[in-house]
Amino acid sequence: MSRRFAAVDLGASSGRVMLADLSGGLSLTEAHRFPNGPVRVADRLYWDVLGLYREILTGLRAAGPVSSIGVDSWAVDYALLDGSGAMLGNPVHYRDDRTRGVAEQVAGAVGAETLYDVSGLQVLPFNTIYQLLADRLDGAATMLLIPDLIGYWLTGELGAEVTNASTTGLLDVRTRSWALPLIKQLGLPSGIFPPLRQPGDAVGGLRRDVAAEIGWSAPVRAVGSHDTASAVAAVPASGPSFAYVSCGTWSLAGIELPEPVLTPESRAANFTNEAGVDGTVRYLRNVMGLWLLQECLRAWSATGPGSDLRELLAAAAGERPFAAVVNPDEPAFLPPGDMPARIAAECRRTGQRPPSSPAAYVRCVLESLALGHRLAVRQAMELSGRDVEVVHLVGGGSRNELLCQFTADACGLPVVAGPAEATTFGNVLVQARAAGLVSGLEEMRSLVATSQPLRRYEPSGDPRAWDEAAARVF
Ligand code: ADP
Ligand code: LRH
């Protein structure tokens, strides 16, 4: 058996097929990377899921033969299949507004307390539960979350991997099985929810036509198919006293726990108890993340020659500190659109002068995100009664030195940055464990810590400046 594994990792801003080799330590190469993002057709936002599938096949062909393949992606979104397995319509993007008002209706009908007690999930307007209620389900035989859909297309096998299923709002947080009484109470057809799989379970062999197309064959294995579950599984922590920020399009900031926290205070703070690898709980809150920066860059490139991120970050470092800060989680920032205009409007609404240059906007975004990281990490500690000594920042954001330093300064804790491809590491290491090459979470994390370059940022500057800035926005 070879010690090579392929990870298909679909992020909201890019997808990649990565190749990991565990024959001497742990090394990673990128077989193929491709852009991802929302596609608007008339008044609806979609993913280009068929385009993504085509790129996945291109990536697998380039990766060459491996022992197994694992698939992870962003959470909550899904496709509906008819009884013959054909897709009914194109998956809708979680930033679409079709769920406006649905969360409030469900809370009114079922009770916000009951919902939290059953699923332990934070309320985000796009949770699968709300999307399904806004969708047309007639003719639907099966609901597949995105990685399960890709797994189905690759193997012909239906199933629902549990870490991602936990982001639907329809999984029982205690038993980690589908919350059938809630599903029935909501009038959703319970038959559309396929059997659950655990990370490490076999999904199936590649379909013959797929193997013929990529030129080789291998089994597909379930991994922590929610990208954040895979990222947290690969946080290079050496003990239990750590917080994490999985920082890409979103920042997922929190801690790992053995049991969920379902207190009224936790619900009020909108903390989530998502299912992690090996029965762990990802106790975290979504912070708007680098989406804010991505959308600023998109707006500027539409009106000018396009901005170089490296130059902008260097210029932002020289901007005046805390000239303007915003709550990064303002609902107005969620949909695609003119981000600088929305940030300016939010500054005006809170009595601050809007930034006057792209570099000043970038400074505002990064300081505001660091404030979001600080609040989530501190609340995670308070609400769970646990202390942390270090914040691990993983994902593409770990390459942003200014953001890492701001996060250390804002949290008053050291930040260990990297790896940028934590999700991929989590994906391949769960496969390697299923193949008997790695023992458990601890060894997985230590393999990442010893094989990957990490950078440590110590907290610096006057902490009172961050207290003052936080008081301005929260
Ligand atoms: P996702 O998985 O959600 O698509 P990633 O984890 O790939 O997101 O992170 C993408 C983000 O990482 C980019 O939007 C960018 O802000 C940041 N990033 C990536 N590379 C760099 C870099 N070299 N310097 C600064 N930021 C970077
Ligand atoms: C990050 C992520 C996050 C979800 C969001 C929809 O990619 O999976 O954990 O909340 O996308």
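The chain carries the name Rhamnulokinase family protein in an unreviewed UniProt entry, which gives Nonomuraea insulae as its organism. The chain has a UniProt comment under Sequence similarities (unreviewed entry) that states "Belongs to the FGGY kinase family."

Peer 1: Give me the lowdown on helix H1 (residues 49–63), citing residues and values where you can.
Peer 2: Taking 1.5 Å of rise per residue, the 15 residues of H1 would be expected to cover 21 Å, and the 21 Å separating its terminal C-alpha atoms lies within 8% of that figure. Gly 64 sits one or two positions beyond H1 and adopts a positive phi of about 80°.

Peer 1: So, the site of ligand 2: which residues are in play, and what are the values?
Peer 2: Near ligand 2 you find 13 residues, and of these Trp 74, Ala 75, Asp 227, Thr 228 and Trp 250 are the closest. Here the shell around ligand 2 is built from residues that sort into seven nonpolar, five polar and one charged.

Peer 1: Outline the UniProt feature "domain: Carbohydrate kinase FGGY N-terminal" (unreviewed entry) in the chain, listing residues and values.
Peer 2: The UniProt record marks residues 65–232 with the feature "domain: Carbohydrate kinase FGGY N-terminal" (unreviewed entry), using the residue numbering of this structure. The span residues 65–232 carries 34% helix and 15% strand; its end-to-end C-alpha distance comes to 27 Å.

Peer 1: Can you break down the confidence of the model for the chain residue by residue, with the values?
Peer 2: In low-pLDDT segments, the atomic positions of the prediction should not be examined closely. Mean pLDDT over the chain stands at 97; residues scoring 70 or higher make up 99%. This complex was scored by the predictor with a pTM of 0.98 and an ipTM of 0.99.

Peer 1: Requested: an account of unusual backbone geometry, with residues and values cited.
Peer 2: Look at the link from Gly 418 to Pro 419: it is a cis peptide, with omega at 0°. Tracing the sequence through the fold places Pro 419 in the loop between strand E18 (415–417) and helix H16 (422–434). Residues other than glycine seldom take positive phi values, yet Arg 176 does so here, at roughly 55°. Assignment of secondary structure puts Arg 176 in the loop between helix H6 (162–165) and helix H7 (180–185).

Peer 1: Report on the pairing of strand E1 (residues 4–10), specifying residues and quantitative values.
Peer 2: With respect to burial, E1 is a largely interior element, seven of its seven residues being buried. Of the two faces of E1, the one lined by Arg 4, Ala 6, Val 8 and Leu 10 and the one lined by Phe 5, Ala 7 and Asp 9 are each fully buried. One ladder, built from seven bridges, connects E1 with strand E2 (residues 14–21); its direction is antiparallel. Within the sheet, the bridge partner assigned to Val 8 lies in E2 and is Val 17. Taking the residues between adjacent antiparallel strands as the criterion, E1 and E2 are bridged by three residues. Looking at chain direction, E1 and strand E6 (residues 68–73) are connected through six bridges and run parallel. Within the sheet, the bridge partner assigned to Ala 6 lies in E6 and is Ile 69.

Peer 1: Just give me the short version of the site of ligand 1, but keep the residues and values in it.
Peer 2: Surrounding ligand 1, one finds 15 residues, the nearest of these being Gly 11, Ser 13, Gly 248, Thr 249 and Gly 396. Here the shell around ligand 1 is composed, by residue class, of four nonpolar, 10 polar and one charged.

Peer 1: Requested: an account of the environment of Asn 164, with residues and values cited.
Peer 2: Assignment of secondary structure puts Asn 164 in helix H6. Placed 61 residues apart in sequence, Asn 164 and Ser 225 show a C-alpha to C-alpha distance of 5.9 Å. Every residue in contact with Asn 164, bar those within four places of it in the chain, is listed here: Ala 75, Leu 145, Pro 147, Ser 225 and His 226.

Peer 1: How would you explain the environment of Leu 383 if you had to name every residue and give the values?
Peer 2: Tracing the backbone shows Leu 383 in helix H14 (residues 358–384). For the pair Leu 383 and Val 261, spaced 122 residues apart in sequence, the C-alpha separation works out to 7.7 Å. When near neighbours in sequence (up to four residues on either side) are disregarded, Leu 383 contacts Val 261, Glu 265, Ser 266, Ala 269 and Phe 271.

Peer 1: I'd love a proper account of helix H18 (residues 463–473), names of residues and values included.
Peer 2: Regarding H18, the residues found buried are Trp 466, Ala 469 and Val 473. Down the axis, H18 shows its buried residues gathered within 65° of arc, on one side only. Looking at H18, the residues exposed on the side facing more than 90 degrees away from the buried face are Arg 464, Glu 468 and Ala 471. Among the structural elements, H14 and helix H15 (401–411) are those in contact with the buried residues of H18.

Peer 1: Describe the nonpolar core, and please don't skip the residues or the numbers.
Peer 2: If you look at the biggest cluster of nonpolar residues, it comprises 149 residues, and the most contacted ones within it are Ala 6, Leu 292 and Leu 429. By residue number, the principal contributor to this core is H14, which donates 13 residues.

Peer 1: Quick one: what's the story with the packing of helix H2 (residues 102–110) against helix H3 (residues 112–119), residue by residue and with numbers?
Peer 2: In contact at an axis separation of 6 Å, H2 and H3 are set at 95° when each is read in the N-to-C sense. In this view, H2 runs roughly perpendicular relative to H3, as classed from their interaxial angle. Only Ala 112, Thr 114 and Leu 115 of H3 make contact with H2, whose side of the interface consists of Val 106, Ala 107 and Val 110. Its residues assigned to classes, the contact of H2 with H3 comprises five nonpolar, one polar and no charged.

Peer 1: A description of the sheet that holds E18 should follow, citing residues and the corresponding values.
Peer 2: Judged by pairing direction, the sheet is mixed, and its seven strands sit side by side in the order E15-E16-E14-E13-E17-E18-E19 without closing on themselves. Edge positions in the open sheet fall to strand E15 (272–275) and strand E19 (455–457), since each of these has one partner strand only. Direction aside, neighbouring strands of the sheet carry axes that sit 30° apart on average. Of the pairings in the sheet, the one linking strand E13 (residues 242–247) to strand E14 (residues 251–257) comprises five bridges and is antiparallel in character. By the bridge assignment, Ala 243 is partnered in E14 with Ile 255. Seen against the sheet, H14 touches E13, E14, strand E16 (281–287) and strand E17 (390–394) and runs at an angle of roughly 20° to E14.

Peer 1: With reference to specific residues and values, describe the environment of Ala 417.
Peer 2: Along the polypeptide, Ala 417 turns up in strand E18. On the basis of neighbour count, Ala 417 is assigned to the buried category, with 27 C-beta atoms found within 10 Å. It is 8.7 Å that separates the C-alpha atoms of Ala 417 and Glu 401, two residues lying 16 residues apart in sequence. If we skip the residues at most four places from it in the chain, Ala 417 touches Leu 393, Ser 398, Cys 404, Leu 454, Arg 455 and Tyr 457.

Rules used throughout
Residues numbered from 1 in each chain as written. Chains lettered and ligands numbered in written order. Predicted model: local features only at pLDDT ≥ 70, side-chain atom pairs only at ≥ 80, totals over all residues. UniProt positions renumbered as here; feature names shortened; annotations may be inferred. Helix = DSSP H or I, 4+ residues; strand = E, 2+ residues; numbered from the N terminus. Expected span 1.5 Å × (residues − 1). Near = placed C-beta within 6 Å. Nonpolar A, V, L, I, M, F, W, Y, C, P; charged D, E, K, R; others polar. pLDDT = per-residue confidence, 0-100. Buried ≥ 20, exposed ≤ 12 C-beta atoms within 10 Å, placed from the backbone. Pairing = 2+ DSSP bridges. Contact = placed C-beta atoms within 7 Å. Arc of directions from axis to C-beta. Core = buried A, V, L, I, M, F, W, Y, C linked by C-beta atoms within 7 Å. Axes fitted to C-alpha atoms, helices over the stretch in contact; angles between N-to-C directions. Parallel < 35°, antiparallel > 145°, perpendicular 65-115°, else oblique.

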